[in-house]
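Now for the letters of each chain:
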Amino acid sequence: MNMLFYIKVGGDYACFTNPNLKVERVSYPLMTPAAARGILEAIFWKPAFRWEIRSITVLKPIKTLSIMRNEIEDRQSTKPIIIEEKRQQRVSLVLKDVEYVIAADMALVWKNERIEKYRDQFRRRLDRGACHHTPYLGTREFAAWFEPASGDETPEIAIDNQYLGVMFFDTAYIKSESRADMRFLRHKPSNAESEERLAPEEHTGYPHYLFFPASIEKNQVIVPHEKYQELYELEELDV
């Protein structure tokens, strides 16, 4: 049975980077489903379930700001780097003063678990304002606040219909021996008889990026549910 949570989130700045624009960072006009999932996972996450985003409602006018930031030119690894040799300045087009309402549901991955206990745990954390780590709006330097949505949220400006183009949905991590671009872990449920916790399995594979045609209708972006089924099929999960 679906039981949606409604979470109000916001912050001073946000950058939901459009991967199609690689030279300089350019944010999508609003939060992506993957970024919304990341905020919820910062509040509460267990490997027994997946967060599924149903919709994202825009509460404040979409405002952009161009800033220049210092970044490093290479991906970080376990090998130390000298910042002065790797630093580069890049212009970013970010969002300013954002507020959204996320509608989301939990989908059970481990069938021997009860989803109700996870819903209760998340609800208590949300009410207390507790989180595992600080949630952020696209990039870690843009921290987000969150609270339960009251249901009385009224957008400051009406956005009736605006096509956004193809938007990033989420990443599927596909197991593959022949294409070992990365390693990742898959957690396993506890042993049903002994309740012993099993070690996660390590796999090799590659990331596969999923997109969907997005549009704002009455301040809301509806996330197509079939994209989650596509993601689970790619990851060979029975959700």
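Residues numbered from 1 in each chain as written. Predicted model: local features only at pLDDT ≥ 70, side-chain atom pairs only at ≥ 80, totals over all residues. Heavy atoms only, no water.

**Student:** With reference to specific residues and values, describe the pairing of strand β3 (residues 49–58).
**Tutor:** β3 sits mainly inside the fold: nine of its ten residues count as buried. As paired strands, β3 and strand β5 (residues 87–108) are joined by nine bridges and run antiparallel to one another. Counterpart to Glu 52 in the pairing with β5 is Asp 105. As paired strands, β3 and strand β10 (residues 220–222) are joined by three bridges and run antiparallel to one another. When the bridges of β10 are listed, Thr 57 appears paired with Gln 220. (Buried < 20%, exposed > 50% of the residue type's maximum accessible area, 1.4 Å probe, protein only. Helix = DSSP H or I, 4+ residues; strand = E, 2+ residues; numbered from the N terminus. Pairing = 2+ DSSP bridges.)

**Student:** An account of the pattern of salt bridges is requested, with residue identities and associated values reported.
**Tutor:** A side chain of one charge can pair with a side chain of the opposite charge when the charged atoms of the two come close. Scanning the model with the defined rule gives 22 salt bridges in all. For Glu 52, the salt bridge is made with Arg 54, and the minimal N-O distance between the two is 2.8 Å. Owing to a relative accessible area of 16%, Arg 54 belongs among the buried residues under this scheme. Note that Asp 120 and Arg 123 form a salt bridge whose closest N and O atoms lie 3.0 Å from each other. Of the two residues, Asp 120 and Arg 123 both sit in helix α3 (residues 115–128), three residues apart, roughly one turn of that helix. Asp 120 sits in the partly exposed class, given a relative accessible area of 36%. (Salt bridge = Lys/Arg side-chain N within 4 Å of Asp/Glu carboxyl O.)

**Student:** Break down the nonpolar core for me, citing the residues and quoting the values.
**Tutor:** A general tendency of soluble globular proteins is for nonpolar side chains to be buried together. Core analysis: the biggest nonpolar cluster contains 58 residues, and Met 31, Tyr 100 and Phe 122 have the highest contact counts within it. Of all elements in the fold, only β1 (5–14), α1 (33–43), β3, β5, α3, β7 (161–175), β9 (201–217) and α4 (226–234) reach the threshold of two or more residues within this core. If you tally residues by element for this core, the top one is β5, at nine residues. (Core = buried A, V, L, I, M, F, W, Y, C linked by side-chain atoms within 4.5 Å.)

**Student:** Please set out the packing of aromatic side chains residue by residue, giving values where relevant.
**Tutor:** By the definition in use, this model includes 15 aromatic pairs. For the ring pair Phe 44 and Phe 49, a centre distance of 5.8 Å and an interplane angle of 25° mean the geometry is stacked. On the basis of relative accessibility, which here comes to 1%, the residue Phe 49 falls in the buried class. Relative to Tyr 118, the ring of Phe 44 lies with its centre 6.5 Å away and its plane at 35°, an arrangement referred to as tilted. With a gap of 74 residues between them, Phe 44 in the loop between α1 and β3 and Tyr 118 in helix α3 connect regions that are remote in the sequence. Exposure class is identical for Phe 44 and Tyr 118. Each is buried. Members of the aromatic cluster, each reached through a chain of ring pairs, are Phe 5, Phe 44, Phe 49, Trp 51, Tyr 118 and Phe 122. Positioned above the aromatic ring of Tyr 206, the side-chain terminus of Arg 179 is 3.9 Å from the ring centre. (Phe/Tyr/Trp six-rings, centres within 6.5 Å; stacked < 30°, edge-to-face > 60°. Lys NZ or Arg CZ within 6 Å of the ring centre and 35° of its normal.)

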